[in-house]
Amino acid sequence: MSVVLFTFFIQEYVLSTNNSFKLIDYVYCKFHLNANFVAAMVLQRHKITQIRLPRLLYLFIILLATSSCASQKAKLRAKQVDEVISTARTFMGTPYKYGGTTRAGMDCSALTIHAYKSIDLSLPRSAEDQSNVGEKIKQKDLQPGDLVFFATGKRKKQVTHVGLVTDVTRKDVKFIHASTSLGVIENYLSMDYYAKRYR
């Protein structure tokens, strides 16, 4: 909803109901507006200035606390994602070894285990078990830090490989994984081999 349209809505709502308190509750619950915007509305609209100061300050405090909390969570998540990806990239060039868990040689699930261990999150040992952890999302909703799974064996529905998303653009998704032939490397999800086996 545009600012102009929302301004009109507030004005019409107050004039029609003459209930500023109900308006405040509605604005907070439905729109979670930025406190500065609400303050501007209060100053600009005569009817809204009838709101008692203590209640208005209470609303501002709630809005500011909510906004600050959401911002802090977003920053923490971004920091954790960066840590997971940067940790995974430290293993670039590590040769592939089935069952391996060290820089001397590792498999795909070991790479993701090491990556997430950097933020104190434990993952199951196998790619298949990792695919059963967390929330399943659609390919179009992938974000850096997400895990991607593939069925590279004879069974088309059985997950046998896992990678970690490192970058997302409008056209493609980049992920890091332990390839059986090239070791730890970054590839694109659009590559024919991975696109056909993505699960």
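As a starting point, this report considers the structure included with it. Model, not experiment: these values are computed from the prediction. (Residues numbered from 1 in each chain as written. Predicted model: local features only at pLDDT ≥ 70, side-chain atom pairs only at ≥ 80, totals over all residues. Heavy atoms only, no water.)

1. Brief notes about the overall build of the chain
Per the secondary structure count, the chain includes seven helices and six strands. Ordered by position from N to C terminus, the α and β elements of the chain give α-α-α-α-β-β-α-α-β-β-β-β-α. In the chain, of all internal contacts separated by at least 6 residues, the share reaching a separation of at least 24 is 47%. About 12,700 Å² of surface is accessible on the chain, with carbon and sulfur atoms providing 55% of the total. (Helix = DSSP H or I, 4+ residues; strand = E, 2+ residues; numbered from the N terminus. Contact = heavy atoms within 4.5 Å. Areas by Shrake-Rupley, 256 points an atom, 1.4 Å probe, with all protein chains shown as cover.)

2. Remarks on the sheet that holds strand S3 (residues 147–150)
Here we have four strands laid out as an open sheet, ordered S3-S4-S5-S6, and antiparallel in their pairing. Every interior strand has two partners, whereas the edge strands, S3 and strand S6 (183–188), have only one. For this sheet the average axis-to-axis angle between neighbouring strands, irrespective of direction, equals 35°. Sheet strands in contact with helix H5 (residues 108–117) are S3, strand S4 (161–168), strand S5 (173–179) and S6, and its direction is about 50° off that of S4. (Pairing = 2+ DSSP bridges. Axes fitted to C-alpha atoms, helices over the stretch in contact; angles between N-to-C directions.)

3. Focus on the pairing of S3
Along S3, one buried face is formed by Leu147 and Phe149 and the opposite face, lined by Val148 and Phe150, is buried too. The pairing of S3 with S4 spans four bridges and is classified as antiparallel. Residue pairing across strands places phenylalanine 149 opposite valine 162, the latter belonging to S4. (Buried < 20%, exposed > 50% of the residue type's maximum accessible area, 1.4 Å probe, protein only.)

4. Digging into the side chain of glutamate 186
For glutamate 186, the location among the structural elements is in strand S6. Side chain to side chain, glutamate 186 and arginine 89 meet in a polar contact 3.1 Å long. At 2.7 Å, the side chain of glutamate 186 and the side chain of threonine 166 are in polar contact. Beyond its immediate chain neighbours, meaning those up to four positions away, glutamate 186 contacts Arg89, Met92, Thr166, Lys174, Phe175 and Ile176. (Polar contact = N/O pair within 3.5 Å; in protein donor to acceptor, adjacent residues only side chain to side chain.)

5. Remarks on the packing of aromatic side chains
Counting across every chain of the model gives five aromatic pairs. For the ring pair phenylalanine 150 and tyrosine 194, a centre distance of 5.5 Å and an interplane angle of 65° mean the geometry is edge-to-face. Placement of phenylalanine 150 in strand S3 and of tyrosine 194 in helix H7 (residues 192–197) is noted, with a sequence separation of 44 residues between them. Here phenylalanine 150 and tyrosine 194 have matching classes, each one buried. (Phe/Tyr/Trp six-rings, centres within 6.5 Å; stacked < 30°, edge-to-face > 60°.)

6. A look at the nonpolar core
With 23 residues, the main nonpolar core has Leu111, Tyr116, Leu147, Leu164 and Val184 as its most contacted residues. If you list the elements that add at least two residues to this core, you get helix H4 (53–89), H5, S3, S4 and S5. With six residues, the top contributor of residues to this core is H5. When residues no more than four places from it in sequence are discounted, the contact partners of leucine 111 are Ala88, Phe91, Met106, Ile176, His177, Ala178 and Val184. (Core = buried A, V, L, I, M, F, W, Y, C linked by side-chain atoms within 4.5 Å.)

7. Let's talk about the pattern of salt bridges
Scanning all chains against the criterion turns up four salt bridges. Between aspartate 107 and arginine 125 there is a salt bridge whose closest N-O contact spans 3.2 Å. Placement of aspartate 107 in the loop between strand S2 (105–106) and H5 and of arginine 125 in the loop between H5 and helix H6 (127–130) is noted, with a sequence separation of 18 residues between them. Since its relative accessible area comes to 36%, arginine 125 is described here as partly exposed. Notably, a salt bridge pairs aspartate 192 with lysine 196, separated by 3.3 Å at the nearest N-O pair. (Salt bridge = Lys/Arg side-chain N within 4 Å of Asp/Glu carboxyl O.)

Read these as geometric descriptors, not functional statements.
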